[in-house]
Amino acid sequence: MKNWVEELRSATLKAIADESRRTALRRAVESYTSNKGKALSRLPHLSDLALDVRRIKETSVERMEDLVKEASEAIADCNGHAHIVRNAQEARKIVSEIVGEHKLVVKSKSLTCEEIELREYLEDKARCRILETDLGEFIIQLRGEKPTHIINPSIHVPREEVAKTFSRLAGRKISGDVEALVSFARSYLRDYFIKADVGISGANAVAAQTGTIFVVENEGNARFSTNAPPVHVCVVGFEKVVPALNHAFKVVEVLPAYATGVLMSSYVSMITGPSKTADIEKKLVYGVHGPKELHVVFLDNGRSEMAKHPVLKEALYCIKCGGCLYECPVYRVLSGTFGHNYFGGIGSVWTAYTRGFEKALFAYMCTGCGRCRELCPLKIDTPRLVEALRGELCRLGFKHPKATLFFDNICLQGNPWGEPKALRGSLGC
Ligand code: SF4
């Protein structure tokens, strides 16, 4: 605990010195901002719809446990398997048991899987081969790096570096042209979708009434990963469950413009149970062209604790669009070092509850400028959350030494610098 300030400081200095990281981020932010502006001008109703989503989230979070149970029952009714797990360890264990050992797994991007370090676990403990199929995740998997943005995990890697990474994999020179890079990833990953034993995904929303999972994406990799292999495992946080289909539709309508600046994502998959048919003599058979088995793992991992906090529960309304990060001045400078898996001010709250408060000390880097609150479609008051989180951190003993010194000085001398009261009086201060 003693060196946490020094650790934050050295990570910050390292990030500031990384020119290539800043170049990649600048390019991405410019493109995102312009695309989002165009999308929102074409879809002016989205700002009101987003506030509707906030109201849905507010009521859903209040009855999170009940909704998870309702969704689990609906999934079982559709011949799927629902598993309710309390922490990361339980989640990894259950997924590992479903997947088995030495299996080939295709995985689509999932913050929740990242939160529990599922890929690393399945590789190490179950000796599985896991292929990240989202382009950004694929890039950082090959580079042995961690995501630096919740929507765009390889945002810190410029195209020139992607070309070097892909060239190493291909054993030949791949040009730095973005289209060529995408084409290489497409051809490399194609066969694996068909050969995989299991597909793993997250979900953007779950409708409790019907047990329907919604997966939003642009690349088409999630659709392949959740459809081609014989077994699909979906890992989803409790907070993603909303009462019914119409509520989930609102979430997926709001998300794309704020997440990637598109009018609508290329694909929205709605999955209700495993693939089935009754076309021959009305006999119901599971596993036609899609998966024969569907497992949905509902993960708590600190969410129900977060829901009990009078202020911090607001973080559970976040739809993980990542919009607040692009224009956060601190994130712009520090990118991947302004968080762990969850980034920025909102990410500090998520990190505290899902990984431990000692991992959320980057909350002290937030300047409280409030830009995130203005940009958030759900109007989440992140500066207020960060302030409340800092209060919790202080109570746990994570006080910044400088702040402690200033506080003691104010109490003793009436000023933060610790100048003797008598001296300040004599100078007319
Ligand atoms: S806090 Fe708001 S802007 Fe930031 S990721 Fe969540 S929903 Fe998006």
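Residues numbered from 1 in each chain as written. Predicted model: local features only at pLDDT ≥ 70, side-chain atom pairs only at ≥ 80, totals over all residues. Heavy atoms only, no water.

Peer 1: Please explain the overall build of the protein chain as it appears in this structure.
Peer 2: Assigned secondary structure in the protein chain consists of 20 helices and 14 strands. Taking 22 Å as the expected radius of gyration for a compact globule of 429 residues, we find that the protein chain reaches 23 Å, a close match to that expectation. Taken along the three principal axes of its C-alpha coordinates, the protein chain extends 100 × 55 × 50 Å. For the protein chain, the share of sequence-separated contacts (at least 6 apart) that also reach a separation of at least 24 residues comes to 75%. When the accessible area of the protein chain is evaluated, it comes to approximately 19,800 Å², of which 53% is carbon and sulfur surface. Here the protein chain carries 59 positive and 51 negative side-chain charges, and the mean point of each set is 3 Å from the other. (Helix = DSSP H or I, 4+ residues; strand = E, 2+ residues; numbered from the N terminus. Rg over C-alpha atoms; globule rule 2.2 N^0.38 Å. Contact = heavy atoms within 4.5 Å. Areas by Shrake-Rupley, 256 points an atom, 1.4 Å probe, with all protein chains shown as cover. Lys, Arg positive; Asp, Glu negative; His and termini not counted. Charge placed at Lys NZ, Arg CZ, Asp CG, Glu CD.)

Peer 1: How should the nonpolar core be read in this particular structure?
Peer 2: Within soluble globular proteins, side chains that are nonpolar tend to cluster in buried spots. Among the nonpolar cores identified, the biggest contains 73 residues, and Phe338 and Leu389 are the most heavily contacted of them. The greatest single-element share of this core, amounting to 8 residues, is contributed by helix H12 (residues 245-260). Looking at this core, you find at least three residues from each of domain 1 (4-38 + 311-404) and domain 2 (43-304). What Phe338 contacts, discounting residues up to four positions off in sequence, is Cys328, Val330, Tyr331, Phe343, Gly344, Gly345, Phe362, Met365 and Cys366. Judged by nonpolar contacts, the second largest core, of 21 residues, contains Val85, Ala88, Val198 and Val235. (Core = buried A, V, L, I, M, F, W, Y, C linked by side-chain atoms within 4.5 Å. Buried < 20%, exposed > 50% of the residue type's maximum accessible area, 1.4 Å probe, protein only. Domains from an automatic or database assignment.)

Peer 1: I keep staring at helix H19 (residues 401-413) and nothing clicks. Help me out?
Peer 2: Structural remark: α-helix, 3.6 residues per turn; residues separated by three or four positions point the same way. Under the 1.5 Å per step criterion, the end-to-end length of H19 is 18 Å for 13 residues, consistent within 8% with the ideal 18 Å. Note on H19: the residue one or two positions beyond its end, Gly414, has a positive phi of about 85°. (Expected span 1.5 Å × (residues − 1).)

Peer 1: In this structure, what is going on with the site of the ligand? I would like to understand it.
Peer 2: Around the ligand, a shell composed of Cys318, Ile319, Lys320, Cys321, Gly322, Cys324, Ile346, Cys376 and Pro377 is seen. Here the shell around the ligand is built from residues that sort into 7 nonpolar, 1 polar and 1 charged. (Near = heavy atom within 4 Å. Nonpolar A, V, L, I, M, F, W, Y, C, P; charged D, E, K, R; others polar.)

Peer 1: I tried to follow the sheet that holds strand S9 (residues 267-271) on my own but got confused; where do I start?
Peer 2: Two modes of strand pairing occur in sheets, parallel and antiparallel, and in both the strands are linked by backbone hydrogen bonds. Here we have 4 strands laid out as an open sheet, ordered S8-S5-S6-S9, and mixed in their pairing. Unpaired on one side and paired on the other, strand S8 (241-242) and S9 mark the two borders of the sheet. Here strand S5 (residues 205-207) pairs with strand S6 (residues 212-217) via 3 bridges, running antiparallel. The partner of Ala205 across the bridge, within S6, is Phe214. (Pairing = 2+ DSSP bridges.)

Peer 1: I'm lost on the side chain of Ser265 in this one. Help?
Peer 2: Mapped onto the elements, Ser265 comes out in the loop between H12 and S9. Look past the residues within four positions of Ser265 in its chain and what remains in contact with it is Val216, Glu217, Asn218 and Pro256.

Peer 1: So what exactly am I meant to see when it comes to unusual backbone geometry here?
Peer 2: A negative phi angle characterises most non-glycine residues, just as the trans form characterises most peptide bonds. For Glu117, which is not glycine, the phi torsion reads 50° and is therefore positive. Residue classification places Glu117 among the partly exposed residues on the basis of a relative accessible area of 31%. Residues other than glycine seldom take positive phi values, yet Arg127 does so here, at roughly 55°.

Peer 1: So what exactly am I meant to see when it comes to the pairing of strand S12 (residues 293-299) here?
Peer 2: Every regular strand shows the same layout, with side chains that alternate between the two sheet faces. Counting buried positions over the 7 residues of S12 gives 6, a clear majority of the element. For strand S1 (residues 81-85) and S12, the ladder comprises 5 bridges, and the chain directions are parallel. Of the residues in S12, the one forming a bridge with Val85 is Leu299. In this structure, strand S7 (residues 231-237) lies alongside S12, joined through 7 bridges in parallel fashion. Each residue of the ladder has a partner; that of Val236, found in S12, is Phe298.

Peer 1: Just to check I follow, could you spell out the packing of helix H5 (residues 88-99) against helix H7 (residues 118-125) for this structure?
Peer 2: Packed helices, taken two at a time, are described by the angle between their axes plus the distance between the axes. Relative to each other, H5 and H7 sit at 55°, their axes nearing to 10 Å. In this view, H5 runs oblique relative to H7, as classed from their interaxial angle. In this structure, the crossing between H5 and H7 has a hand that is right-handed. Contact residues: H5 offers Arg92, Lys93, Val95 and Ser96, while H7 offers Leu118, Tyr121 and Leu122. (Axes fitted to C-alpha atoms, helices over the stretch in contact; angles between N-to-C directions. Parallel < 35°, antiparallel > 145°, perpendicular 65-115°, else oblique. Left-handed = near helix turned anticlockwise from the far one by under 90°.)

Peer 1: Would you mind going over the packing of aromatic side chains with me for this structure?
Peer 2: Aromatic rings in a pair are described by how distant their centres are and how their planes are angled relative to each other. Per the counting criterion, the structure on display carries 12 aromatic pairs. Taking the centre distance of 3.9 Å and the plane angle of 20° together, the rings of Tyr32 and Tyr326 count as stacked. One end of the pair, Tyr32, is in helix H2 (residues 19-42); the other, Tyr326, is in helix H14 (residues 323-326), with 294 residues separating them in the sequence. Residues Tyr32 and Tyr326 agree in their burial class; the two are buried. Taken together, the ring pairs connect Phe138, Phe166, Phe184, Tyr188 and Tyr192 into an aromatic cluster. In this structure, Lys195 is placed above the aromatic ring of Tyr192, and the distance from its NZ or CZ to the ring centre is 5.9 Å. (Phe/Tyr/Trp six-rings, centres within 6.5 Å; stacked < 30°, edge-to-face > 60°. Lys NZ or Arg CZ within 6 Å of the ring centre and 35° of its normal.)

Peer 1: Help me understand the sheet that holds S1, please; the structure alone is not making it clear to me.
Peer 2: Here 6 strands make up an open sheet; going across it, the order is S1-S12-S7-S4-S2-S3 and the pairing parallel. In the strand order of this sheet, the two ends are held by S1 and strand S3 (129-132), each with one partner. With direction set aside, neighbouring strand axes in the sheet form an average angle of 20°. Bridging between strand S2 (residues 104-107) and strand S4 (residues 198-201) involves 3 bridges; their strand directions are parallel.

Peer 1: Explanation requested: the environment of Thr404 in the structure shown.
Peer 2: With respect to the secondary-structure elements, Thr404 resides in helix H19. For the pair Thr404 and Pro416, spaced 12 residues apart in sequence, the C-alpha separation works out to 9.9 Å.

In short, the description is geometric, and any link to function would need to be established separately.
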